[in-house]
Amino acid sequence: MGKPLLYVDVDGVLNPVFPHPDEDFDSHTLLGYSVLLSPRHGEWLHELAERYDLVWATTWEFEANRYIAPLLGLPELPVVKFSGYVPQPGDPRVPLMELFSAFKWAPLLRYAEGRPFAWIDDCIPARLVRRSLLRPDRLLMPIDPAQGLRREHVERLLRRPPSQTWLNRWAG
């Protein structure tokens, strides 16, 4: 089996709300929105691409390849499509209180098709994070939207990427 997937969100992860003033973020107007991006994030994502297959998991969807990727020096990446997603038999049930924060979960699981994956996002329900702690094939990493992706997140992703074990294959 190849590398694990790394699902990458944009807003709150690569585009933080209140980055530290000493960090090198540039402001861009994209699709009418003010977006803060750092070349450092592009470098980190290139580093992570050596261990992961990067996939956009953002409401920017295909626009991430058009606007975000070039500014970070990234190639075109695959995209998980969320808009228009139709629930399918076997999708995990999401509690009513988590409908907004967990709307990405079923499409991410479907896209992974059993492959190990990590997910960096500023909006991951705590229940999903807790449930994934016992799954070596999943790493859910909530990101503080005020600060965005930090080097310690990258170090954690590089240190122990999710992996498929015989137990995961047996348990399904």
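Here's a quick rundown of the structure. (Residues numbered from 1 in each chain as written. Predicted model: local features only at pLDDT ≥ 70, side-chain atom pairs only at ≥ 80, totals over all residues. Heavy atoms only, no water.)

## A short note on helix α2 (residues 63-72)
- Of the positions making up α2, those classed as buried are Ala 64, Asn 65, Ile 68, Ala 69 and Leu 72. When α2 is viewed along its axis, its buried side chains cluster within an angular range of 115° and face the same direction. Opposite the packed face of α2, turned more than 90 degrees from it, sit the exposed residues Arg 66 and Pro 70.
- Within two residues after α2, Gly 73 carries a phi angle of roughly 70°, on the positive side. (Buried < 20%, exposed > 50% of the residue type's maximum accessible area, 1.4 Å probe, protein only. Helix = DSSP H or I, 4+ residues; strand = E, 2+ residues; numbered from the N terminus. Arc of directions from axis to C-beta.)

## A few points about the sheet that holds strand β6 (residues 138-142)
- Spatial strand order, β4-β1-β5-β6: 4 strands in an open sheet with parallel pairing. Only two strands of the sheet have a single neighbouring strand rather than two, namely β4 (53-56) and β6. Sheet twist, expressed as the average angle between the axes of neighbouring strands with direction ignored, equals 15°.
- Looking at chain direction, strand β1 (residues 5-8) and β4 are connected through 4 bridges and run parallel. Paired with Val 8 across the two strands is Trp 56, which belongs to β4. (Pairing = 2+ DSSP bridges. Axes fitted to C-alpha atoms, helices over the stretch in contact; angles between N-to-C directions.)

## Some thoughts on the pairing of β1
- Burial along β1 is two-sided: Leu 5 and Tyr 7 and Leu 6 and Val 8, pointing in opposite directions, are all buried.
- Across 4 bridges, β1 lies against strand β5 (residues 117-121) in parallel orientation. Within β5, the position partnered with Leu 5 by the bridge is Phe 117.

## Details of the pattern of salt bridges
- Inspection of every chain in the model, using the stated rule, returns 10 salt bridges.
- The closest approach of N and O atoms between Arg 151 and Glu 47, which form a salt bridge, is 2.8 Å. Here Glu 47 lies in helix α1 (residues 39-48) and Arg 151 lies in helix α5 (residues 151-159), a separation of 104 residues in the sequence.
- For Arg 151, a relative accessible area of 27% corresponds to the partly exposed category. (Salt bridge = Lys/Arg side-chain N within 4 Å of Asp/Glu carboxyl O.)

## Some remarks on the side chain of His 153
- Mapped onto the fold, His 153 is located in helix α5.
- Relative accessible area serves as the criterion here: at 14%, His 153 is assigned to the buried category.
- With residues near it in sequence (within four places) discarded, His 153 still touches Met 141, Pro 142, Ile 143 and Gly 148. (Contact = heavy atoms within 4.5 Å.)

## Considering the nonpolar core
- In this structure, Leu 6, Leu 14, Leu 48, Trp 56, Ile 68, Ile 120 and Leu 157 are the most contacted members of the largest nonpolar core, which totals 31 residues.
- In terms of residue count, α2 provides more of this core than any other element does, 4 residues in total.
- Contact partners of Leu 14, with chain neighbours within four places excluded, come to Val 8, Asp 9, Phe 25, Leu 36, Leu 37, His 41, Leu 45, Trp 56, Leu 72 and Leu 149. (Core = buried A, V, L, I, M, F, W, Y, C linked by side-chain atoms within 4.5 Å.)

## Digging into unusual backbone geometry
- With phi around 55°, Leu 31 is a residue other than glycine that occupies positive phi space.
- With phi around 45°, Glu 61 is a residue other than glycine that occupies positive phi space.
- Relative to the helices and strands, Glu 61 is located in the loop between β4 and α2.
- By relative accessible area, Glu 61 is classed as buried at 10%.

## So, the packing of aromatic side chains
- Per the stated rule, a full pass over the model turns up 4 aromatic pairs.
- Between Tyr 7 and Phe 117, the aromatic rings sit 5.4 Å apart at their centres with planes inclined by 55°, giving tilted as the arrangement. Of the two residues, Tyr 7 is situated in strand β1 and Phe 117 in strand β5; the sequence distance between them amounts to 110 residues.
- Among the aromatic residues, ring-to-ring pairing joins Tyr 7, Trp 105, Tyr 111, Phe 117 and Trp 119 into one connected group. (Phe/Tyr/Trp six-rings, centres within 6.5 Å; stacked < 30°, edge-to-face > 60°.)

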